[in-house]
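Below are the chains, spelled out letter by letter.
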Amino acid sequence: MKPRITVITLGVDDLERSLKFYRDGLGLPTEGIVGKEFEHGAVAFFDLLSGIKLAIFERKNIAHDAQINQTVSSPTEFTIGHNVESKEEVDRVMEQARKADAIITVQPHDTFWGGYSGYFQDPDGHLWEVVWNPHLEIDE
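Residues numbered from 1 in each chain as written. Predicted model: local features only at pLDDT ≥ 70, side-chain atom pairs only at ≥ 80, totals over all residues. Heavy atoms only, no water.

(A) Representation of the overall build of the protein chain in the model. Counting its secondary structure elements, the protein chain contains three helices and eight strands. Relative to the 2.2 N^0.38 estimate, which gives 14 Å for 140 residues, the radius of gyration of the protein chain is 16 Å and therefore close to what a compact globule would have. Along the first, second and third principal axes, the C-alpha set of the protein chain runs to 50 × 35 × 30 Å. Considering the protein chain as a whole, with its 140 residues, one finds that 37% of them fall into the buried category. Of the contacts made within the protein chain by residues no fewer than 6 positions apart, 49% connect residues no fewer than 24 positions apart. (Helix = DSSP H or I, 4+ residues; strand = E, 2+ residues; numbered from the N terminus. Rg over C-alpha atoms; globule rule 2.2 N^0.38 Å. Buried < 20%, exposed > 50% of the residue type's maximum accessible area, 1.4 Å probe, protein only. Contact = heavy atoms within 4.5 Å.)

Structural data, given as structure tokens:
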């Protein structure tokens, strides 16, 4: 296996609600929901930098596709890190998320390791950390 991730798919309960959050609230580019013509195929893809895609797909359809039982989810299963270039950008992104009706779980603050970060949850509870790390160069 090559060390590469090309798509991160988030399981959601309401595809339209999540589309609105990511497209309209956070401003991520998308062509909208595709695959509606298939019984378990409706999905939306968002174009991220470096050729990575973020997808949203209903949890019940992920369970069907993977042939597993749908289980209760937990927001602490993983976090998505969104690294930015400054403390001010952390504040701007967190405010954008708040205006999109994200739940702010941790306000932006100086971290113990010298950075600056905050956390928010999307409509399905997925945790995003918006972080400025003075030791990490952002390559766009």
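Having seen it, we continue.
(B) Structural detail: the layout of surface pockets. By volume, the largest pocket amounts to about 900 Å³. For the largest pocket, the lining is made up of 28 residues, of which Leu48, Leu49, Gly81, His82 and Asn83 are closest to its centre. When contributions to the lining of the largest pocket are tallied by element, the ones reaching two or more residues are strand 5 (79-84), helix 3 (87-99) and strand 8 (127-132). With five residues, the top contributor of residues to the lining of the largest pocket is strand 5. Among the residues forming the lining of the largest pocket, the class breakdown is 16 nonpolar, six polar and six charged. Of the voids in this model, the second largest pocket is the one considered here, and its volume is about 300 Å³. Grouping the amino acids of the lining of the second largest pocket by side-chain chemistry returns eight nonpolar, nine polar and three charged. (1 Å grid on protein atoms, 1.4 Å probe; cavity = no way out; pocket = protein on both sides within 12 Å on 5 of 7 lines; lining within 4 Å. Points joined across faces, edges and corners; volume = space filled by probe spheres on them. Nonpolar A, V, L, I, M, F, W, Y, C, P; charged D, E, K, R; others polar.)

(C) Up close: the side chain of Asp124. By secondary structure assignment, the location of Asp124 is in the loop between strand 7 (116-121) and strand 8. The class of Asp124 is buried, set by a relative accessible area of 10%. A polar contact of 3.0 Å, which involves the side chain of Asp124, links it to the side chain of Arg17. Leave out the neighbours within four places in its chain, and Asp124 touches Gly11, Val12, Asp13, Asp14, Arg17, Ser18 and Arg59. (Polar contact = N/O pair within 3.5 Å; in protein donor to acceptor, adjacent residues only side chain to side chain.)

(D) Structural context of the packing of aromatic side chains. This structure, assessed with the given rule, holds five aromatic pairs. Aromatic side chains Tyr22 and Phe46 sit 5.8 Å apart centroid to centroid with 50° between the ring planes, which places their arrangement in the tilted category. With Tyr22 in helix 1 (residues 15-25) and Phe46 in strand 3 (residues 43-47), this residue pair connects regions lying 24 residues apart in the sequence. Side by side, Tyr22 and Phe46 carry an identical accessibility label, which is buried. (Phe/Tyr/Trp six-rings, centres within 6.5 Å; stacked < 30°, edge-to-face > 60°.)

(E) The arrangement of the nonpolar core in detail. Core analysis: the biggest nonpolar cluster contains 26 residues, and Tyr22, Phe46, Ile56 and Phe120 have the highest contact counts within it. At the level of elements, strand 1 (7-12), helix 1, strand 3, strand 4 (53-58), strand 5, helix 3, strand 7 and strand 8 are the ones that each hand at least two residues to this core. Those residues in contact with Phe46, other than ones at most four positions away along the chain, are Leu19, Tyr22, Arg23, Leu28, Pro29, Thr30, Ile52, Lys53, Leu54 and Ile56. (Core = buried A, V, L, I, M, F, W, Y, C linked by side-chain atoms within 4.5 Å.)

(F) Here's a closer look at the sheet that holds strand 3. Overall, mixed pairing links the four strands, which are arranged 1-4-3-2 in an open sheet. Each of the sheet's edge strands pairs with one partner strand only, and the pair in question is strand 1 and strand 2 (30-34). Geometrically, the sheet is characterised by an average inter-axis angle of 20° between neighbouring strands, direction not taken into account. As paired strands, strand 1 and strand 4 are joined by six bridges and run parallel to one another. Across the sheet, the residue bridging to Val12 is Glu58, located in strand 4. Where helix 1 meets the sheet, its contacts fall on strand 1, strand 2, strand 3 and strand 4, and the angle it forms with strand 4 comes to roughly 155°. The strands touched by helix 2 (residues 59-66) are strand 1 and strand 4; relative to strand 4, the strand with the most contacts, the crossing angle is about 95°. (Pairing = 2+ DSSP bridges. Axes fitted to C-alpha atoms, helices over the stretch in contact; angles between N-to-C directions.)

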